[in-house]
Amino acid sequence: MNLGLNIDHIATLREARKINEPDPLEAVFVAKNAGVSQITIHLREDRRHIHDDDVRAIINASVLPVNVECACDEGIVEFLCEQKPHKITLVPEKREEITTEGGLNLTQNNLKEIIKEFQKCDIQTALFIDPKKDTIKRAKALGATGVELHTGEYANVHLMLYSNLSRHKNAIKSLDLTRDTLSQKLQMTLSEITTCASLAEELGLGVFAGHGLNYQNASAIAKIKSITELNIGHSIIARAVFTGLERAIKDMLELIK
Ligand code: PXP
């Protein structure tokens, strides 16, 4: 199982002060030495964490393959065609969201053209989608080279079932359910992810997964054979605050390898 380390949160910390540290570029070197396979960064339309200069510097460092997440925004597409990261993952984006909510809507008009544009620049293109069979088939028809399955619902159910979040002020209100219902929901989301991963593999797509994965819930996803890459950010950077980044990465790698 390959680990893609999402380092947006390092830039988030920098932007909390609007100065020049911590620099996400430094994390790239630590990540490589700790056994990470790919660096993932999200260039948001509002540039709230990663900036254009970060994208340039991280790609130019050429230390690890770089996966840039972005929305279907004309200016960003043009910029990324110039920068040529290893992979682009197209994600939905709303200004007001805290993090990416839900998968990409594959019926939007410009998707096929954008994927073609990236292909012309020799950039692999994955679509970040909810684990639904029809969506996987549509991703294939659109010409994507891979799919990243959204594990957010699975992760939220897991958190509400196995952590103290249900008693916390940040409890997820839509998941205020009995333990039995949460348990069933967890099995359902896991089986949806498993079914969709094998369908995507059968269709010849690269199969990746991510969002909300942490030290408690990642190993069940890592056991799904068709999935070859997990993109994980928040939980690793959160642990790194206390253990250092290298230790936090190695702890995750031990769980998912
Ligand atoms: N994959 C995608 C497509 C994402 O948008 C994100 C969040 O930026 C992640 C993975 C990483 O999610 P998390 O920070 O919850 O591990």
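Details of the structure are given in the entry above.
Residues numbered from 1 in each chain as written. Predicted model: local features only at pLDDT ≥ 70, side-chain atom pairs only at ≥ 80, totals over all residues. Heavy atoms only, no water.

### Focus on helix H3 (residues 52-61)
The line we're drawing: When a residue's accessible area, from a 1.4 Å probe over protein chains only, is under 20% of the maximum for its type it is buried; when over 50% it is exposed; and in between it is partly exposed. Under the DSSP-based scheme used, a helix requires at least four consecutive residues in state H or I and a strand at least two consecutive residues in state E, with every element numbered from the N terminus. Arc definition: directions from the helix axis to the C-beta atoms.
Considered for burial, the residues of H3 that qualify are Asp54, Val55, Ile58 and Ile59. Viewed along the axis of H3, the buried residues span an arc of 120 degrees, placing them on a single side of the element. In this structure, H3 carries Asp53 and Asn60 as exposed residues pointing more than 90 degrees from its buried face. Just downstream of H3 lies Ser62, where phi reads positive at about 55 degrees.

### Some remarks on the sheet that holds strand S4 (residues 87-90)
For the record, the criterion: When DSSP finds two or more bridges between two strands, those strands count as paired. Throughout, an axis means a line fitted to C-alpha atoms (over the contacting stretch in the case of helices), and angles, computed between N-to-C directions, take values from 0 to 180 degrees. Two residues qualify as a contact provided that any one of their heavy atoms is within 4.5 Å of a heavy atom in the partner residue.
The sheet built from eight strands closes into a barrel, its strands ordered S1-S2-S3-S4-S5-S6-S7-S8 with parallel pairing. Geometrically, the sheet is characterised by an average inter-axis angle of 25 degrees between neighbouring strands, direction not taken into account. One ladder, built from three bridges, connects strand S1 (residues 2-6) with strand S2 (residues 38-42); its direction is parallel. Paired with Gly4 across the strands is Gln38, a residue of S2. Lying over the sheet, helix H5 (residues 111-120) contacts S4 and strand S5 (124-129), oriented at roughly 170 degrees with respect to S4.

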